[in-house]
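Here is how the chains run, residue by residue.
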Amino acid sequence: MTWRTVKQLADAARPEELFTGQWQNRPSVLDDYKPDLDDRWNEGGTNAWKLWEEIVPLGYKGSYQRVRAYLHKKRTSPRPVVARPPSPRTVAGWILRRPEILPEAEQLLLKTVRTQCPEIDALTRHVRAFAVMLTERQGERLPDWLAAVQQDDLPSLHTLAAGIDRDRDAVIAGLTLPWSSGAVEGPCQPHQMIKRQMYGRAGFNPLRKRVLLAS
């Protein structure tokens with residue numbers, strides 16, 4: 001090497017400064033086929049030999065080693081760090097929790113998800129509207145809620161709405177009136193357990209006797 005070449009290499013502050021010379025940016029027989037290789041790489045094709053076999057029928061006249069070197073550069077180059085998408089369970093938790101108690105960071109994440117997915121945006125609106133009816137006893141809004149659900153392409157929610165619509169009067173009463181059957185749920189639990197224990201084992205009379213003795 002000449003002293004000028006040695007000085008240039010010694011004074012280089014960054015590796016990119018060494019990439020100079022007559023061999024840099026030189027046209028390659030692979031240039032016309034790099035878009036095909038990039039597409040196959042993005043689809044998950046990483047086998048250099050198979051990709052070389054795919055571009056040969058397209059007119060590639062170069063060697064397999066050139067394809068291998070190009071893919072090796074892609075394989076060893078640093079990849080951009082991307083955020084991991086939230087799981088369905090996490091998104092469901094954001095939707096089901098009260099908006100006012102949701103941390104600001106999670107509110108922003110849910111907003112991003114709703115922006116990118118119209119179905120989740122519609123689902124969030126319907127779930128929160130139903131929660132307001134439930135907590136504020138606004139049963140008179142149920143017919144409008146059912147009609148709004150039917151206008152969106154949400155098959156699973158349509159199934160729920162159809163079940164509610166079959167018992168519309170009872171659901172409206174439950175969402176409006178102050179009375180609840182919760183007070184009798186506790187005393188009924190022992191009787192339900194006895195019924196499950198006796199199911200398929202005997203007739204009604206032994207079951208009746210066990211219930212009366214338990215009472």
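All of these numbers come straight from a predicted model, not from anything done at the bench.

## Details of the packing of helix H8 (residues 142–150) against helix H9 (residues 155–166)
Part 1 of the argument: Between H8 and H9, the shortest axis-to-axis distance is 10 Å and the interhelical angle comes to 150 degrees. Judged by the angle between their axes, H8 and H9 are roughly antiparallel. Viewed along their axes, H8 and H9 form a crossing whose handedness is left-handed. In this structure, H8 contributes Leu142, Trp145, Leu146, Val149 and Gln150 to the contact, and H9 contributes Leu157, His158, Ala161, Ile164 and Asp165.
Part 2 of the argument: Class assignment for the residues of the contact of H8 with H9 results in 7 nonpolar, 2 polar and 1 charged.

## Thoughts on the confidence of the model for the protein chain
Part 1 of the argument: Model confidence for the protein chain is summarised by a mean pLDDT of 85, while 92% of its residues fall at 70 or above.
Part 2 of the argument: Averaged over each element, pLDDT in the protein chain is lowest for helix H11 (residues 182–198) (78) and highest for H8 (94).

## What about the layout of surface pockets?
Part 1 of the argument: Of the pockets and cavities examined, the largest pocket occupies roughly 310 Å³.
Part 2 of the argument: Around the largest pocket, the lining comprises 10 residues; the ones closest to its centre are Ser28, Asp31, Lys34, Arg66 and Lys73.
Part 3 of the argument: It is helix H4 (residues 64–76) that contributes the most residues to the lining of the largest pocket, 4 residues altogether.
Part 4 of the argument: Here the residues of the lining of the largest pocket sort into 4 nonpolar, 1 polar and 5 charged.

## What to know about H11
Part 1 of the argument: Helix length check: H11, at 17 residues, gives a terminal C-alpha distance of 25 Å against a target of 24 Å (1.5 Å per residue), a fit within 8%.
Part 2 of the argument: Maximal helix bending in H11 amounts to about 40 degrees, located at Cys188; proline Pro190 follows within four positions.
Part 3 of the argument: Backbone geometry just downstream of H11 places Gly200 in the positive-phi region, at approximately 80 degrees.

## Overview of a nonpolar patch on the surface
Part 1 of the argument: Among the surface-exposed residues, Met1, Val6 and Leu9 lie close enough to one another that they form a single nonpolar patch of about 340 Å² accessible area.
Part 2 of the argument: Mapped onto the elements, Leu9 comes out in helix H1 (residues 3–11).
Part 3 of the argument: You can call Leu9 partly exposed: its relative accessible area is 41%.

Analysis parameters
Per-chain numbering applies: the sequence of each chain, read as written, is numbered from 1 onward. Only residues with pLDDT of at least 70 are given local features in this predicted model, and only at 80 or more are side-chain atom pairs given and counted; all residues enter the totals for whole chains, interfaces and linings. Calculation of side-chain values draws on the structure's entire complement of heavy atoms; hydrogens and water are dropped beforehand. Between the N-to-C directions of two axes lies an angle of 0 to 180 degrees, each axis being a line fitted to C-alpha atoms and, for a helix, fitted only over the stretch in contact. In this text, helices come from DSSP runs of H or I with a minimum length of four residues, and strands from runs of E with a minimum of two, each type numbered from the N-terminal end. By the definition adopted for this analysis, an angle is roughly parallel if under 35 degrees, roughly antiparallel if over 145, roughly perpendicular if from 65 to 115, and oblique otherwise. Should the near helix be turned counterclockwise from the far one by less than a right angle, the crossing is left-handed, whereas a clockwise turn marks it as right-handed. Throughout, a residue-residue contact means that at least one pair of heavy atoms, one from each residue, lies within 4.5 Å. Three residue categories are used. Nonpolar comprises Ala, Val, Leu, Ile, Met, Phe, Trp, Tyr, Cys and Pro, charged comprises Asp, Glu, Lys and Arg, and polar comprises the others, including Gly. Summary of the metric used: pLDDT quantifies the predictor's per-residue confidence within the range 0 to 100. Points on a 1 Å grid over protein atoms alone make up a cavity when a 1.4 Å probe fits among them but cannot get out, and a pocket when they form an open set with protein on both sides within 12 Å along at least five of seven lines; lining residues each have an atom within 4 Å of a point. Grid points are joined across faces, edges and corners, and a volume is the space filled by probe spheres set on the points. A helix is expected to span 1.5 Å for every residue after the first. Note that bend, as reported per residue, equals the angle between axes fitted to the 7 residues terminating at that residue and the 7 residues originating from it. In this scheme, patches are assembled from residues that exceed 30% relative accessible area and form no salt bridge. Like charges are connected within 9 Å, while nonpolar side chains (Val, Leu, Ile, Met, Phe, Trp, Tyr) are connected within 5 Å. Surface exposure here means Shrake-Rupley accessible area, sampled with a 1.4 Å probe, where a residue is shielded only by the protein chains that are shown. Here, a salt bridge means any Lys or Arg side-chain nitrogen found within 4 Å of an Asp or Glu carboxyl oxygen. Exposed residues in this analysis have more than 50% of their type's maximum accessible area, buried residues have under 20%, and partly exposed residues fall in between, with area computed by a 1.4 Å probe over protein chains only.

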